[in-house]
Number of protein chains: 2
Amino acid sequence: MANPLFSDREVSFQLYEVHGAGDLCQLPAFADHGRETFDLFLASARKIARDVLFPAYRPMDAEPPRLEGGRVRVHPAMKEIWPRLVELGMTNATRPSEVGGQELPVLVAMFAGGYLSAANGAATAYAGLTAGAAHLVEAFGSEEVRRTFHEPMISGRWSGTMALTEPHAGSSLADVRTTATPMPAGPGRYLLRGNKVFISGGDQDFTENIVHLALGRIEGAPAGIKGISLFAVPRLRPEDGRLVDNDCSSAGVFHKMGWRGIPSIALNFGERGDCVGWVVGTPHQGLGHMFQMMNEARLMVGMNGVATASAAYHESLEYARTRPQGRPLAARDPRTPQIPIVEHADVRRMLLKQKAIVEGGLSLLAECARLADLVRHGPEEDRERRRMLLDLLTPVGKSFPAEAGFVSNSLAVQIHGGYGYTAEYLPEAWLRDQKLNSIHEGTTGIQSLDLLGRKVVAGGGDALRALAAEFAAVEATNEERAGLRAALEKIAATTMELAQRGLAGDRDGMLAHSVDYLDAFSVLVISWQWAKMAAAARRGLERDRASADFYRGKIAAARWFFANELPRVSTLCDICLTDASFVEARPEWF
Amino acid sequence: MANPLFSDREVSFQLYEVHGAGDLCQLPAFADHGRETFDLFLASARKIARDVLFPAYRPMDAEPPRLEGGRVRVHPAMKEIWPRLVELGMTNATRPSEVGGQELPVLVAMFAGGYLSAANGAATAYAGLTAGAAHLVEAFGSEEVRRTFHEPMISGRWSGTMALTEPHAGSSLADVRTTATPMPAGPGRYLLRGNKVFISGGDQDFTENIVHLALGRIEGAPAGIKGISLFAVPRLRPEDGRLVDNDCSSAGVFHKMGWRGIPSIALNFGERGDCVGWVVGTPHQGLGHMFQMMNEARLMVGMNGVATASAAYHESLEYARTRPQGRPLAARDPRTPQIPIVEHADVRRMLLKQKAIVEGGLSLLAECARLADLVRHGPEEDRERRRMLLDLLTPVGKSFPAEAGFVSNSLAVQIHGGYGYTAEYLPEAWLRDQKLNSIHEGTTGIQSLDLLGRKVVAGGGDALRALAAEFAAVEATNEERAGLRAALEKIAATTMELAQRGLAGDRDGMLAHSVDYLDAFSVLVISWQWAKMAAAARRGLERDRASADFYRGKIAAARWFFANELPRVSTLCDICLTDASFVEARPEWF
């Protein structure tokens, strides 16, 4: 059976039985929509994913982009794929109709993106980056900037990128050095000079032009993040109705272990002193503006983590069902036929763990997407609470799929045995792809500092209380409820203790274990999602006996997660509070 | 600073301060040796590792073997490397002088192999496989077989492989189908016909000949593992003083995600009906004989896991010490210089975790190696106890470095950030390499069944009691002692309960969580090793203040392991006993 990438039954379960996609249509913004339009959009996305993107995945992995004569050539399949992504609306699906969008809920668009990302994450990323860049221009650009850049990007004639990282400062955006000198030519235009690295899609040969949404520093700006501005820096700049070279050159293509369908580029701005950038939004507030794109991109990375893990899960599930090997433990007569390996308990352990990670992660991203919709279009009085929750969950939505997805994709290789280690099967490629997700768009360490250093302590813990209220609303079993409550109380007490250290000036004592804290917090949040899904499955079992196997699988995965993962919360919290081994370790001890 | 692969100080600490390499010279078998000969051997190994093998690592990874005109061409660097490995003695170092060996302790040879494996695991594997194959021939071969195959292998003119796996039966050796028909030509010769896959070094072009130690089934043999025999199947067979084609053809080279310096081959025996194999040992007892090579290979794989992780650890340590980025959490003035990332607590967390895995794994392998020496050369009265311990620890020695080493190598990538994901740095290659170690020579699942289904229950738990006695001998702190005791008691009680299920006929109930059991057991065993190392470090601190930083690092890593890993034992044991989620899950629920 061909790999479905995501199970369609799963997607409809999450959308309509768990996350209330149908209810969203009662909001004025989505009044023109209904389950039919959502399903049509999803059907188009999954068809393109399965028929167009997925067949190109392995060829694009095998023949990565090359730098030739100063330009980057990507796999020719992108020339066919790109118009299909644009036509589907992936550059603009969730934006209002005034700006050419379909005003679809983020919730629906995210599932559509999930199919595409599972089929071919690299190909899909070009569209995601273009969408994020266009949205930045739409939200913060002057009238001139919007007129110049917006329509060409959403129509797919031009693509977009985000250009933040510089060679000497990966995660440390305060140290961005790219300079911007005001041009006499007109307000809002600057001459840029600087070097950027790891720019995904930073060059390619399937669109007429590329627009880099880049961070730089206007001459005389304050040091640090308060002096960073945002610029639109096109590869070719419009001048007198023509496009002329804008002095953005590709200095090199990084050879990556995965994501090989999209180049990662070292870009030089202004080597000849002729690179023009249009400031986007308010000078010196560029980082704040960029956070719109970063937050969107973080959830997109989370979805890629889930999607890559989902494709690998389905591949290993099919393999396990069809690969005969060995016999039941209790019946080893070598003359009996071998059994499919799914009959071995340990193989089912690996499959159920993958399922729990994939579907738990998907549900969290659905939760985030729905919150994003409600923050924008829901009742005014709930928006602040929902924004807080979305802010709180974003670092988890970015990092859990990356970290747990890497474990999950490793299990997909393991189930394939020796074959899994070879290019005859796809899991090894998905394992290579997944590794990037804990690095780009803010490493797991950065996400953990965001969670513990900002999100959980903001407003004196309001977000955590809002989360507790969400937990209480789930129709959980008594056992699930008790488990969730104990874990939440442990996290709350740990948070309090750590916050007090921070208030007392001991930032290291507060934040040294932030990654362990993020791990514990993620387990709690995913347990909550599994409780929600298990509740929906119990309801479903009463109503829809034809789907009984599906619902029983849901309940089994919830059981697995509660039994195997939730107990880690308490251990990790204790570790956060008590282990000072590496905090005290000096560099010279290693 | 160039990557040391292993720290020399670490190696001397483990050999002489923890695992008593010096004491071994008091055994008659090693009376000709002393610390000087050991150190000379180690110095030669590390020199070859650093000067010859390591520089060839990346080129061999970048240009993997190719099948051309029916023969496999490997990277030309092997033509230089191979004689150096043979000259060092890696085909025969631990064998007696009567058979051309140096009679070095396995303990010393294993550390030498560690340097080589860290430098270039693929290159080293050719020698390891040849050593194992030669040892099989030495131990079980008839006089004719030994005369024909032994000297050519240990002299490096011929290489050796192990040829077990067949396409339809990876882990299930009971299903081996290769057939062997007795030849009238002479007793002990058979015509072989069959297909083998994943044969490491199954073809190459730097030795005159290749000898496959292959499993097959003599016509009329019983079904299952009781009908399997062992054969030496050369690529070219000696006939009238010449070497003639022996009808072993390379049907394909697998494209692997790592270990790309050594080909993994699909081999066909007897396509033309002219493939002669010499039976090695007793017909139908081939699997038992092969276990000698498998057990050696399992520890070799474990050492590769440790070695690959050690190289990656040292690479990330050096990067962390020299890469400036960000500022202390409490001092974010952007005008101050950036600090090396090793100053960030989370980076030290990742480094200390790597250190704990690498050195904990190394110490376990040293323990196993010393046991192997004492089983063969130690006091008679202790041999049985030590053999039991070695048998018990082998599945852990094989799988812990593979599984934890994969996590460790992933951290090495993470510390390198975006650069770590690219081929500009080595960690991505070591991450790809490490993945194989949980698959070849018996998957982690197979190791876990060996541990729980056989080793811990053998002799009514004698091995576990022997282990407890070893624990008691460690000069641990009270806290370490209490932690070890509680964990051991938990494991013992869990083992008892699971064994009772097995005795009651519920094999699935006993073994379903075997991988979780192996995980718990591994944590216990590595904690024990850390307690031993911490004790030696405390002694060292009193004696050798010049090494104070080294010893403090040891104590910090022990502290990390006890605080972060040991608590998992209890949770995992509970899971083994109570979680039935995937046991009860039906294939159709997924």
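Residues numbered from 1 in each chain as written. Chains lettered and ligands numbered in written order. Predicted model: local features only at pLDDT ≥ 70, side-chain atom pairs only at ≥ 80, totals over all residues.

1. Re the overall build of chain A
At step 1: What chain A contains, in helices and strands, is 21 helices and 12 strands.
At step 2: By the compact-globule yardstick of 25 Å for 590 residues, chain A fits well, its C-alpha radius of gyration being 24 Å.
At step 3: Over its C-alpha atoms, taken along the principal directions, chain A stretches across nearly 80 × 60 × 60 Å.
At step 4: Counting over 590 residues, chain A shows a buried share of 61%.
At step 5: Within chain A, contacts between residues at least 6 apart in sequence are counted, and of these 77% link residues at least 24 apart. (Helix = DSSP H or I, 4+ residues; strand = E, 2+ residues; numbered from the N terminus. Rg over C-alpha atoms; globule rule 2.2 N^0.38 Å. Buried ≥ 20, exposed ≤ 12 C-beta atoms within 10 Å, placed from the backbone. Contact = placed C-beta atoms within 7 Å.)

2. Thoughts on the packing of helix α18 (residues 514-543) of chain B against helix α19 (residues 548-564) of chain B
Helix packing for two helices is described by the angle between their axes and how far apart those axes are.
Residues and elements named next belong to chain B.
At step 1: Where α18 meets α19, the axes come as close as 9 Å, and the angle between the chain directions of the two elements is 150°. Classified by the angle their axes make, α18 and α19 are roughly antiparallel. As for how α18 packs across α19, the hand of that crossing is left-handed. In contact with Ile526, Ser527, Trp530, Ala531, Met533, Ala534, Ala537, Gly540 and Leu541 of α18, α19 contributes Ala548, Tyr551, Lys554, Ile555, Ala557, Ala558, Phe561 and Phe562. (Axes fitted to C-alpha atoms, helices over the stretch in contact; angles between N-to-C directions. Parallel < 35°, antiparallel > 145°, perpendicular 65-115°, else oblique. Left-handed = near helix turned anticlockwise from the far one by under 90°.)

3. Brief notes about the domain arrangement of chain A
Reports of interface size often rely on the accessible area that becomes lost once the parts have come together.
At step 1: For chain A, the assigned domains are domain 1 (8-145), domain 2 (159-284) and domain 3 (444-584).
At step 2: Spacing between the C-alpha centres of domain 2 of chain A and domain 3 of chain A amounts to 39 Å. (Domains from an automatic or database assignment.)

4. So, the relation of the copies chain B and chain A
In this structure, two copies of a chain are linked by a rotation about an axis accompanied by a shift along it.
At step 1: In the superposition of chain B on chain A (RMSD 0.0 Å, axial shift 0.0 Å), the rotation amounts to 180°. Accordingly, the operation relating the two chain copies is best matched by a two-fold axis.
At step 2: A shared interface surface links the copies, since 100% of the contact residues of chain B are contact residues in chain A too. (Least-squares fit on C-alpha atoms with pLDDT ≥ 70 in both.)

5. A word on helix α11 (residues 380-415) of chain A
At step 1: With 36 residues, α11(A) should reach 52 Å at 1.5 Å per residue; the first-to-last C-alpha distance of 49 Å fits that figure.
At step 2: In terms of residue burial, α11(A) counts as a mostly covered element, since 26 of its 36 residues are buried. (Expected span 1.5 Å × (residues − 1).)

6. So, the environment of Ala404(A)
At step 1: As for its position among the elements, Ala404(A) is in helix α11.
At step 2: Under the C-beta neighbour-count criterion, Ala404(A) is labelled buried, with 26 such atoms within 10 Å.

7. Overview of helix α13 (residues 427-435) of chain A
At step 1: Within α13(A), nine of the nine residues are buried, leaving the element largely enclosed by the surrounding structure.
At step 2: Along α13(A), the positions that sit buried rather than exposed are Pro427(A), Glu428(A), Ala429(A), Trp430(A), Leu431(A), Arg432(A), Asp433(A), Gln434(A) and Lys435(A).
At step 3: Of the surrounding elements, those touching the buried residues of α13(A) are α4 (57-62), α7 (121-140), α9 (286-322), α11 and α12 (417-420) of chain A together with α11 (380-415) of chain B.

8. Focus on the interface of chain B and chain A
At step 1: Contacts between the two partners involve 76 residues from chain B, matched on the other side by 76 residues from chain A.
At step 2: It is α19(B) that contributes the most residues to the side of chain B that touches chain A, eight residues altogether.
At step 3: When its residues are assigned to classes, the side of chain B that touches chain A shows 34 nonpolar, 24 polar and 18 charged. (Nonpolar A, V, L, I, M, F, W, Y, C, P; charged D, E, K, R; others polar.)

9. With respect to the nonpolar core
At step 1: If you look at the biggest cluster of nonpolar residues, it comprises 408 residues, and the most contacted ones within it are Leu213(A), Phe231(A), Val280(A), Leu213(B), Phe231(B) and Val280(B).
At step 2: In this structure, Val280(A) is in contact with Leu136(A), Val137(A), Phe140(A), Gly141(A), Val145(A), Leu213(A), Leu230(A), Phe231(A), Ala232(A) and His289(A), ignoring residues within four places of it in sequence. (Core = buried A, V, L, I, M, F, W, Y, C linked by C-beta atoms within 7 Å.)

10. Focus: the pairing of strand β7 (residues 229-234) of chain A
Residues and elements named next belong to chain A.
At step 1: With six of six residues buried, β7 lies mostly within the body of the structure.
At step 2: What you see with β7 is no split at all: Ser229, Phe231 and Val233 on one side and Leu230, Ala232 and Pro234 on the other are buried throughout.
At step 3: The pairing of strand β6 (residues 209-218) with β7 spans six bridges and is classified as antiparallel. Opposite leucine 213, over in β7, you have alanine 232 as the bridge partner. (Pairing = 2+ DSSP bridges.)

11. Let's talk about the environment of Ala123(B)
All names here are of chain B.
At step 1: Inspection of the secondary structure puts alanine 123 in helix α7 (residues 121-140).
At step 2: Taking the C-alpha atoms as reference points, alanine 123 and phenylalanine 254, 131 residues apart in sequence, are found 17 Å from one another.
At step 3: With near-sequence residues (within four places) excluded, alanine 123 lies in contact with Leu53, Ala56, Met60, Met78, Ile81 and Gly261.

12. Structural notes on the environment of Gly252(B)
At step 1: The topology assignment puts Gly252(B) in strand β10 (residues 248-253).
At step 2: For the pair Gly252(B) and Val197(B), spaced 55 residues apart in sequence, the C-alpha separation works out to 9.0 Å.

13. With respect to unusual backbone geometry
Residues and elements named next belong to chain B.
At step 1: In this structure, glutamate 103 is a non-glycine residue whose phi angle is positive, near 50°.
At step 2: One non-glycine residue, aspartate 240, lies in positive phi territory at about 55°.
At step 3: Mapped onto the elements of the fold, aspartate 240 is located in the loop between β8 (236-239) and β9 (242-245).
At step 4: Owing to 5 C-beta atoms within 10 Å, aspartate 240 belongs among the exposed residues under this scheme.

14. Things to note about the packing of α11(A) against helix α15 (residues 462-472) of chain A
All names here are of chain A.
At step 1: The geometry of α11 relative to α15 is characterised by a closest axis approach of 9 Å and an angle of 100° between their N-to-C directions. By the angle between their directions, the pair α11 and α15 is classed as roughly perpendicular. Together, Arg385, Met388, Leu389, Asp391 and Leu392 of α11 and Asp462, Ala463, Ala466 and Leu467 of α15 make up the contact between the two elements.
At step 2: Split into classes, the residues belonging to the contact of α11 with α15 amount to six nonpolar, no polar and three charged.

15. Description of the pairing of strand β12 (residues 276-279) of chain B
All names here are of chain B.
At step 1: Where burial is concerned, the two faces of β12 agree: the one with Val276 and Trp278 and the one with Gly277 and Val279 are both buried.
At step 2: In terms of strand pairing, strand β5 (residues 189-200) meets β12 through three bridges, oriented antiparallel. Bridge pairing in β12 links arginine 189 to tryptophan 278.
At step 3: Here strand β7 (residues 229-234) pairs with β12 via two bridges, running antiparallel. Within β12, the position partnered with phenylalanine 231 by the bridge is valine 279.

16. Notes on the confidence of the model for chain A
At step 1: Chain-level pLDDT for chain A is 96 on average; 100% of the residues reach the 70-or-more range.
At step 2: Interface predicted TM-score (ipTM) for the complex: 0.97; the corresponding pTM is 0.97. (pLDDT = per-residue confidence, 0-100.)

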